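As a plain string of letters, each chain reads:
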Number of protein chains: 2
Amino acid sequence: MSILGQLCPAPRLLLGPGPSDAHPRVLTAMTTPLLGHLDPQFMDLMFETQEMCRQVYRTKNKMTLPISATGTAGMETCLVNLLEPGDKAVCATMGYFGNRMVEIAGRTGAQVTRIDAPWGKVFELDQLRDTLKAVRPKVLALVHAETSTGALQPMAEVGKLAHEFGALVVADAVTSVGCTPVEVDAWELDAVFTCSQKGLGCPPGLSPVTMSERAMDAIKNRKTKCQSWYFDLSLLGTYWGGDRAYHHTGPISMVYALREGLRIVLEEGLETRWARHQRNHLALKAGLEALGMQYTADPKHQLPQLNAVRIPAGVDDLACRKRLLNEFGIEIGGGLGDFKGVAWRIGLMGHNSKPSSVLLVLGALEIVLKGAGAKIEPGAGVAAAEGVYAKG
Amino acid sequence: MSILGQLCPAPRLLLGPGPSDAHPRVLTAMTTPLLGHLDPQFMDLMFETQEMCRQVYRTKNKMTLPISATGTAGMETCLVNLLEPGDKAVCATMGYFGNRMVEIAGRTGAQVTRIDAPWGKVFELDQLRDTLKAVRPKVLALVHAETSTGALQPMAEVGKLAHEFGALVVADAVTSVGCTPVEVDAWELDAVFTCSQKGLGCPPGLSPVTMSERAMDAIKNRKTKCQSWYFDLSLLGTYWGGDRAYHHTGPISMVYALREGLRIVLEEGLETRWARHQRNHLALKAGLEALGMQYTADPKHQLPQLNAVRIPAGVDDLACRKRLLNEFGIEIGGGLGDFKGVAWRIGLMGHNSKPSSVLLVLGALEIVLKGAGAKIEPGAGVAAAEGVYAKG
């Protein structure tokens, strides 16, 4: 193999389930020369980043830090710190990422009870209550924003309910943070994880995690050591806590990126950001429906940032996505798990939730779907979106 | 907390144990807009990055990939994939990072036998042979370049020896790859991990790992699932292998960085790079000795890229390092573990192994040591280094 050429990929507009395009300010922040991971200047940046994570999570939790790995590592961190052999866990799954929690929880030696909602649906409180009553688990794990189905699980009452039964709540907020409300303290969530590459507008590579005092007490009272050294929060707390004791070498440039991404989120304001995601979602939804597409999730529980729609009958999944990518530079997501070949997932996340994304993807989809034989009024999708934006 | 200011840290020259300064070309590569982690263009970059990792490791191992986390995660990946409850492991420790392997191996449920060499020394083959014979472990784990002591463990014969006793060799090459020879295939090493932020001149955040066929057979023959889902090589192999099946979201920007870092390493050529590290080491060593400092490691086994020296008697460790940092912008490392307050660690790694680093750190050290009361001939350190460079 001879020496490779300079990196110069054809540009993309990332409208899949994530990564979303990083904000240009975030990419620029990553060119900042490195600091040592124990440099006092870096310690200040760590403190600032943690404090901004708390604001975005709406929490006062002391144990709030970005895990030095991607969102799935945040999931593993929460589960392997809270569960040990012999513990009981309930995983409420309504899609692909709930399944992943079952798999990871199972590897801790905990006894895992799994309950299922149909893909595209969410759990009712009564169903969760019945299971908590019957199983009395240490942990109830569920997904807030299920990226495989586009469904948003209502969480406001789940923490209180779980605490009535002495259970801790682990919530996957990978796709919700920065896009839709996440209220860690008000909703009494005990262990929450997210990622850097969706609502926070950074590249993938970090997983902000927050743990309640209740969760930290459970960790202090473990009988065995956490099975992972890298994800052991009792050790990570000494690096990210007041001591700043060496544990691993912090991923400096990614922390720079996350700090800048969080700064952008807080400059905009969380409420404004959530409203923006909702508005662009409504425009996209009007357009997709005008193109003849149906959402897979219940209308009541539809994620604004991740629009999962059924692929129209007779349309070739892969061929259409390839055309979008190669002719228009647009990435949308295919289906995962049960929805493979069944659904497309169109993300409007962070920086990318904007009218220009909506108009472009609707225009391109119209051309591609017509090419695949669909009958669509010229400009129908864009016109429908325009109607939503015109309302202000 | 009001909105924070723009990121703008005072610049540093990173001459500690790592991170080392990233090459400017690497920082620029990270500003490349994101690709989706399943984009065909990104798949090509993954393939190219894996192939360059193989070249740098001098291996044909199919299972060669960067773990999406830092070097310690590479250590954990190797150990948790190869060990399961009931297995026997020998950890040969001669410093802080050997201790870390004992700790991580212990969390797999394996029975860990630990042998120790004094800090600053290395293991003789006979000592390893005796232990292998007595214990008959599944895994022999040891550190190639011990960053806490500056000692280089000879590895050329270790693989062959371990295989005579049916053991797999896990080698920590975090500080060696890109600085000193690492010959994975010729030395018959089975599981090797490194980091991005030292000899490869990238920011911290990735851990290239390579596994021999022998190691992969051991993984295929496990009785239990790997305790970590995130680090499970049987799953990671489907993402980084031919299938490119979704496992986690690859840290796109860090892969861009690693690709560029590896490209720079291969443009220079490994032998040239090793020779450069050796030459700058000899200049630094002459200078440090002229300033009255002694190395902690055996002269025969001294790492060129990490110069651990005893802090001169009567000199205040922290005060001196603070002066270097604040007045000259130079970071050197303090001691770890047994060497805390005893040693300083001066790294000349990757991009930073160059005459300008050597001259600057020697000049600044002279001023700082004189300020702390040392008697030194004016310009003694720089003059000694100059003498080495003058020889060509």
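Now for a description of the structure that goes with this document. Keep in mind the model is a prediction, meaning the values are calculated, not measured.

1. Re the sheet that holds strand 10 (residues 207-211) of chain B
Residues and elements named next belong to chain B.
For step 1, the next point in the chain: On the basis of which strands lie adjacent, the open sheet formed by seven strands has the order 2-10-9-8-5-3-4 and mixed pairing. Each edge of the open sheet is held by one strand with a lone partner, namely strand 2 (63-67) and strand 4 (111-116). Taking each pair of neighbouring strands and ignoring which way they run, the sheet shows an average axis angle of 15 degrees.
For step 2, the next point in the chain: Lying over the sheet, helix 3 (residues 71-82) contacts strand 2, strand 5 (139-143), strand 8 (168-172), strand 9 (191-193) and strand 10, oriented at roughly 165 degrees with respect to strand 9.

2. A closer look at the relation of the copies chain A and chain B
For step 1, the next point in the chain: Between chain A and chain B, the superposition needs a rotation of 180 degrees and an axial shift of 0.0 Å, giving an RMSD of 0.0 Å. Taken together, the turn and the small shift mark the pair as related by a two-fold rotation axis. Of every C-alpha in chain A, the one belonging to A:Ala69 sits nearest the axis of rotation, 2.4 Å from it.
For step 2, the next point in the chain: Most of the interface of chain A is mirrored in chain B, where 100% of its interface residues again form contacts.

3. Thoughts on the sheet that holds strand 4 (residues 111-116) of chain A
All names here are of chain A.
For step 1, the next point in the chain: Strands sit in the order 2-10-9-8-5-3-4 across an open sheet of seven strands; the sheet is mixed. Each edge of the open sheet is held by one strand with a lone partner, namely strand 2 (63-67) and strand 4. Neighbour to neighbour, the strand axes of the sheet diverge by 15 degrees on average, direction disregarded.
For step 2, the next point in the chain: Both strand 2 and strand 10 (residues 207-211) contribute to a ladder of five bridges, which runs antiparallel. What sits directly across from Leu 65, in strand 10, is Val 209.
For step 3, the next point in the chain: Each of strand 2, strand 9 (191-193) and strand 10 touches helix 2 (residues 40-57); the most contacted strand, strand 2, lies at about 105 degrees to it.

4. A look at the interface of chain A and chain B
For step 1, the next point in the chain: Counting residues at the interface gives 62 residues for chain A, matched by 62 residues for chain B.
For step 2, the next point in the chain: The greatest single-element share of the side of chain A that touches chain B, amounting to nine residues, is contributed by helix 9 (residues 252-268) of chain A.
For step 3, the next point in the chain: Across the side of chain A that touches chain B, the residue classes break down as 28 nonpolar, 20 polar and 14 charged.

5. Topic: the pairing of strand 13 (residues 343-347) of chain B
All names here are of chain B.
For step 1, the next point in the chain: Summarising burial for strand 13: five of the five residues are buried, a large majority.
For step 2, the next point in the chain: Alternating positions in strand 13 separate into two faces, Ala 343, Arg 345 and Gly 347 on one and Trp 344 and Ile 346 on the other, with burial throughout.
For step 3, the next point in the chain: One ladder, built from five bridges, connects strand 11 (residues 306-310) with strand 13; its direction is antiparallel. Its bridge partner lying in strand 13, Leu 306 is registered against Gly 347.

Criteria and cut-off values
- Each chain has its residues counted from 1, running along the sequence as written.
- Here the convention is simple: chains get letters from A, ligands get numbers from 1, in the order in which they are written.
- Local features in this predicted model are restricted to residues of pLDDT 70 or higher, and side-chain atom pairs are both shown and tallied only at a pLDDT of 80 or more, whereas totals for entire chains, interfaces and linings draw on every residue.
- Two strands form a pair only when DSSP identifies at least two bridges running between them.
- The numbering of helices and of strands both runs from the N terminus, where a helix is a DSSP run of H or I of at least 4 residues and a strand a run of E of at least 2.
- The axes used here are C-alpha line fits, helices contributing only the stretch in contact, and every angle between their N-to-C directions lies in the interval 0 to 180 degrees.
- We call two residues in contact when the distance between their C-beta atoms, placed using the backbone, is within 7 Å.
- Residues reaching a pLDDT of at least 70 in both copies supply the C-alpha atoms on which the copies are superposed by least squares.
- In this classification, the charged set is Asp, Glu, Lys and Arg, the nonpolar set is Ala, Val, Leu, Ile, Met, Phe, Trp, Tyr, Cys and Pro, and all remaining amino acids, among them Gly, are polar.
- Counting other C-beta atoms within 10 Å of a residue's C-beta gives its exposure: the residue is buried at 20 or more, exposed at 12 or fewer, and partly exposed in between, where C-beta atoms are placed from the backbone.

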